[in-house]
Amino acid sequence: MNKLGKLGGTAALAVAVLATLLPLYWLATLSLKREVDQFAVPPLWVSFQPTWAHYSDIFVNRNFGRYLWNSAAAASVSTLLALAMGTAAAYSLARRPRPGLAFWILSTRMFPPVVSIVPLFLMLRWAGLLDSIAALMLLYTAFNLPFVVWMMRGFFQELPPDLEEAAMMDGQTRLGALWRVVLPLVRPALAATAAFCLVIAWNEFLFALIVAQTDQAMTLPVGIAGRVTQYEIKWGAMSAAGVVAMLPVFLFAALMQKHMVRGLSLGAVKG
Amino acid sequence: MTQIRLERLSKRFGATLALRDFSLDIEESEFLVLLGPSGCGKTTCLRTLAGLEQPDSGRILLGERDITGLEPRQRDMAMVFQSYALYPHLNVFENIAFPLLVRKLEAPEADRRVREAAARLDLAGLLERRPRELSGGQRQRVALARAIVRRPNAFLFDEPLSNLDAKLRVDMRAELKRLQHELGVTSLYVTHDQAEAMTLGRRLAVMKDGVLAQVGPPEEVYSRPANQFVAGFLGSPAMNFLAGRVDGGARRFVSGALAVPLTAEHLERLGDGAPVTLGVRPENVEVERQSGDGWLPGRVWVSESMGNENLLVVEAGEYRVRCRTAPEMRLEFEAPVWIRFRPDRLHFFDTSSGRALWP
Amino acid sequence: MTARRSEAGWLAWTAPALLVLGALSIYPLLFAVEISLRTAGGYGLDHFRRLAADRLFLVSLGQTLLYTAAALALEFALGLALALLVNREFRLRRLVRAVLLIPMLLPPVVVAVLWRLILNPEFGVLNGTLRGWGLETRGLTWVAAENTALLSVILVDVWQWTPFLFLLLLAGLQGLPVEPFEAAVVDGASRWQVFRRLTLPMLRPVIAIAVLLRGMDLLRVFDQIFILTQGGPGFATETVTLYIYRTAFRFHNFGYAAAMSFVLLAATTTVARAFLRLLRQQPA
């Protein structure tokens with residue numbers, strides 16, 4: 001590896017990192033700038049007077065606290081449900097393979113969501129569940145189930161059945177063996193899968209857009225989108241809302257980074 | 001086909017010093033075996049020669065050329081890896097042809113050479129197969145074919161037989177030796193297996209902890225080891241060692257309850273009272289059922305019948321002495337025996353440094 | 001425990017998942033079939049017939065394919081380049097990888113809002129910086145101009161989703177065995193030859209999966225276009241999903257929208273199937 005090549009490579013990586021971080025940094029500065037600074041030309045990168053006005057604006061005046069809560073509730077409940085049901089199904093499919101069933105479960109991920117939005121809308125309206133967070137919890141559970149099954153089945157397949165069989169010889173039921181012996185072993189896999197489910201649910205837009213009719217069931221993405229019209233965007237509010245929407249993801253990425261990468265790559269490489 | 005010179009190579013990996021000031025010459029067309037226990041640095045030495053590792057200090061000379069700074073692909077050496085390192089997505093033909101292809105050799109010429117190499121290693125019928133469809137022995141022959149298909153400056157072997165089962169290993173050993181002899185390419189062969197070490201090389205180099213312990217023809221290294229490590233490493237079962245002292249007055253070597261008579265020459269070389277360690281190989285320990293003059297008494301600790309010989313461990317004094325005997329001599333546990341060390345096959349080492357004092 | 005009892009036991013483990021998926025993924029699909037076939041006088045293929053003549057639909061389909069092809073090509077090339085760069089050993093490697101992954105984890109809506117702000121022709125930081133360097137930006141209206149809208153939207157997609165391909169390709173690279181690469185350099189191959197003859201062929205399965213997954217997601221793109229351009233200006237960035245949404249929830253034409261979504265489903269499945277078949281034919 002010659003010196004010039006190495007230098008070029010490092011430079012390229014530096015450019016990539018900058019290209020990734022600069023826009024995010026910009027958004028953060030926008031959220032903290034006074035209106036007059038936001039429109040300054042040439043743009044101000046560092047030298048401006050920060051203000052929290054936009055953050056207080058979105059939470060006090062524009063109900064973003066509600067959206068935040070809705071997003072968090074929908075994401076966490078659906079993740080828990082998807083994990084519970086998906087792991088059970090994945091375990092069963094790993095130990096007693098049923099290729100047909102597995103194919104059906106996994107193929108539901110392939111459907112374009114847009115195919116289901118019309119019938120789902122009609123179904124929810126009929127059931128009186130429109131504009132409710134419960135609807136989103138259900139939808140996101142269904143959304144994440146195939147993914148959970150796919151990931152966890154792979155991990156269970158890697159685990160030899162010897163341990164559960166030993167536990168059952170020692171007197172456990174199958175469920176007890178799963179709970180006490182197997183699950184602790186696949187904890188990192190569960191963590192990675194949970195992290196992904198949370199991120200996917202948190203970021204989801206189309207279904208949330210369909211379900212939400214009023215502020216009651218609005219999630220963060222929909223709340224933000226709703227403020228974006230053809231003609232005018234409130235820059236301060238939007239950037240503050242954007243930062244709020246992004247922060248949990250950052251936190252998660254930082255905490256779960258190692259697990260997520262390992263989990264996704266293992267799942268993908270095994271295909 | 002040139003002489004290779006490794007001059008004072010040093011290489012460190014983190015806290016470990018894999019090579020310490022290591023020097024070795026490989027003659028033109030010679031087959032040199034590098035032997036040593038795991039972790040002694042022999043693989044590092046080989047990879048440094050290949051260019052896969054860069055030494056921290058020292059030089060590598062190919063003939064007159066200093067190749068220390070050169071990349072592997074500029075050195076024109078061929079390497080046979082322990083795990084064969086075949087290209088999984090190419091078939092046998094393409095694997096063997098790869099070195100020629102990257103040198104942009106003309107297709108008809110490349111084709112001819114590949115088939116010639118394949119024929120030589122009995123692979124003619126397998127050219128369309130993929131590595132995963134081959135057995136271990138077949139893969140190994142493909143790796144060899146890939147090495148011989150060009151005329152490189154040197155062959156580098158990294159324990160190529162260690163993943164084969166025992167019988168195959170013995171067969172391949174003979175084939176390898178024959179092959180190298182026919183091609184006449186300078187070769188460095190790394191192994192931890194002594195049978196390979198003894199049989200394959202014209203010279204044998206023993207390595208320990210990054211340093212060269214001894215180099216010479218196998219018979220010489222076997223019968224005149226330069227130190228206790230080499231003496232104990234070569235030979236199976238291993239040489240017996242008894243630490244003790246020279247008793248000049250009684251003209252004998254004393255170790256615990258055992259005493260072995262010494263000649264005048266012995267005494268002169270070793271010195272009275274010197275702390276020495278006696279070494280004697282199992283094949284040089286004589287075992288009899290009745291006592292004789294100067295023989296040592298003992299009891300059979302373990303007896304293993306190998307078919308062509310018996311391996312005995314005899315408890316004599318506070319030692320357990322390994323012996324090899326004729327197959328007819330069948331002995332039971334605890335049977336009383338007498339042993340004697342052949343006086344003309346004794347080795348003596350300085351107890352503290354391990355250096356050989358005799359022969 | 002009889003064999004039949006244990007079979008039932010195993011099925012019970014999958015029951016909750018099957019129930020949820022059945023109700024919320026499969027049933028809606030069947031329901032959608034029904035809706036798409038509902039016409040004024042009972043059932044019929046009216047919607048589909050209308051679809052075949054709908055020029056706007058075909059345009060949106062064409063734009064979707066163009067969008068997919070362009071974004072995929074760029075994301076693959078950049079993702080591969082990044083994966084190769086990050087695959088070497090160097091300090092801060094973990095950190096760099098973590099940073100590069102961030103965009104794909106962000107809500108697409110937020111990313112779209114962010115870039116809409118950046119690309120704002122008058123006050124956005126992109127034009128602002130260009131102007132600061134003395135360049136003329138009057139003609140550069142990015143998402144507001146017909147000829148640059150699609151490009152801008154594609155670039156936003158590339159910014160957000162290159163990390164996805166980067167991640168998969170990096171995982172693939174790291175899963176490759178080391179020894180054949182050592183053998184290749186000893187055999188005399190140059191860096192380019194190693195890349196072309198070893199790296200790429202051995203990566204083929206991972207590349208295929210990556211391209212397939214991302215390709216299918218691209219065909220269904222919605223979130224960022226909704227925010228960035230709403231399909232405009234005019235029809236310049238209208239993708240199929242956007243058209244379907246508009247038909248269903250602006251014009252309240254559920255039947256027609258359902259029919260369209262099936263065509264989309266058919267298109268995606270066909271592409272996926274063709275792709276997989278192509279993959280299986282070539283020697284792995």
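Conventions and cut-offs
- Residues numbered from 1 in each chain as written.
- Chains lettered and ligands numbered in written order.
- Predicted model: local features only at pLDDT ≥ 70, side-chain atom pairs only at ≥ 80, totals over all residues.
- Helix = DSSP H or I, 4+ residues; strand = E, 2+ residues; numbered from the N terminus.
- Pairing = 2+ DSSP bridges.
- Axes fitted to C-alpha atoms, helices over the stretch in contact; angles between N-to-C directions.
- Domains from an automatic or database assignment.
- Contact = placed C-beta atoms within 7 Å.
- Nonpolar A, V, L, I, M, F, W, Y, C, P; charged D, E, K, R; others polar.
- pLDDT = per-residue confidence, 0-100.

As for the overall build of chain A
Phase 1: Of regular secondary structure, chain A possesses 13 helices and zero strands.
Phase 2: From first element to last, N terminus to C terminus, chain A shows the α and β order α-α-α-α-α-α-α-α-α-α-α-α-α.
Phase 3: Structurally, chain A occupies a C-alpha span of about 75 × 65 × 35 Å along its principal axes.

A few points about the sheet that holds strand E3 (residues 31–35) of chain B
Through backbone hydrogen bonds, the strands of a sheet pair up, either in parallel or in antiparallel fashion.
All names here are of chain B.
Phase 1: Spatially, six strands are ordered E6-E7-E8-E3-E9-E10 in an open sheet, and the strand pairing comes out mixed. For this open sheet the edge positions go to strand E6 (77–80) and strand E10 (211–216), each flanked by a neighbour on one side alone. This sheet shows a mean twist of 20° between the axes of neighbouring strands, independent of strand direction.

Comments concerning the domain arrangement of chain A
Residues and elements named next belong to chain A.
Phase 1: According to the domain assignment, chain A contains domain 1 (1–51) and domain 2 (64–270).
Phase 2: Inter-centroid distance (C-alpha atoms) of domain 1 to domain 2 is 32 Å.
Phase 3: Every contact between the two is made by six residues of domain 1 and, on the other side, six residues of domain 2.
Phase 4: Every element with two or more residues in the side of domain 1 that touches domain 2 is listed here: helix H1 (3–32) and helix H2 (35–38).
Phase 5: For the side of domain 1 that touches domain 2, the leading source of residues is H1, giving four residues.
Phase 6: For the side of domain 1 that touches domain 2, the residue count by class is three nonpolar, two polar and one charged.

Brief notes about the sheet that holds strand E14 (residues 275–280) of chain B
Residue and element names in this part refer to chain B.
Phase 1: Spatially, E13-E12-E11-E14-E20-E21 is the arrangement adopted by the six strands of the open sheet, whose pairing is antiparallel. The strands lining the two open edges of the sheet, one partner per strand, are strand E13 (258–261) and strand E21 (356–358). Averaged over all neighbouring strand pairs, the angle between strand axes comes to 40°, with direction disregarded.
Phase 2: Direction of pairing for strand E11 (residues 240–247) relative to E14: antiparallel, over a ladder of six bridges. Bridge pairing in E14 places Ala-243 opposite Thr-277.

Some remarks on the domain arrangement of chain B
All names here are of chain B.
Phase 1: Each assigned domain of chain B is listed here: domain 1 (4–233) and domain 2 (240–358).
Phase 2: In this structure, domain 1 and domain 2 have C-alpha centres spaced 39 Å apart.
Phase 3: The partner domain 2 presents eight residues to the seven residues of domain 1 that form the contact.
Phase 4: When grouped by side-chain class, the residues that make up the side of domain 1 that touches domain 2 number four nonpolar, three polar and no charged.

Considering the confidence of the model for chain B
All names here are of chain B.
Phase 1: Of all residues in chain B, 99% attain a pLDDT of 70 or more, and the chain-wide mean is 91.
Phase 2: Within chain B, E3 carries the highest mean pLDDT (95), whereas helix H10 (residues 264–270) carries the lowest (85).
Phase 3: Scored as a whole, the predicted complex attains pTM 0.83, and scored at its interfaces, ipTM 0.83.

Quick notes on the arrangement of the chains
Phase 1: Contact analysis covers two pairs of chains in contact, and the most contacts occur between chains A and C.
Phase 2: With no contact formed, the shortest span from any C-alpha in chain A to any C-alpha in chain B equals 9 Å.

Structural notes on the interface of chain B and chain C
Phase 1: Contacts between the two partners involve 17 residues from chain B and, on the opposite side, 14 residues from chain C.
Phase 2: Secondary-structure elements contributing two or more residues to the side of chain B that touches chain C are helix H2 (72–75), E6 and helix H3 (92–102) of chain B.
Phase 3: Looking at the side of chain B that touches chain C element by element, the count peaks at three residues for H3(B).
Phase 4: Of the residues assigned to the side of chain B that touches chain C, the class counts are 13 nonpolar, two polar and two charged.

Remarks on the environment of Ala142(A)
Phase 1: Tracing the backbone shows Ala142(A) in helix H7 (residues 133–158).
Phase 2: For the pair Ala142(A) and Leu81(A), spaced 61 residues apart in the sequence, the C-alpha separation amounts to 9.2 Å.
Phase 3: Beyond its immediate stretch of four places on either side in the chain, Ala142(A) contacts Val20(C), Leu21(C), Leu24(C) and Ser25(C).

Remarks on the pairing of strand E1 (residues 4–13) of chain B
One face of the sheet, then the other: side chains in a regular strand alternate in exactly this way.
All names here are of chain B.
Phase 1: In this structure, E1 lies alongside strand E2 (residues 16–26), joined through seven bridges in antiparallel fashion. Within the sheet, the bridge partner assigned to Arg-12 lies in E2 and is Leu-17.
Phase 2: Hairpin remark: E1 followed by E2, antiparallel, with two residues in the connecting loop; positive phi at Gly-14, about 65°.
Phase 3: With five bridges connecting them, E1 and strand E4 (residues 57–62) associate as antiparallel partners. Residue pairing in the sheet places Leu-6 in a bridge with Ile-60 of E4.

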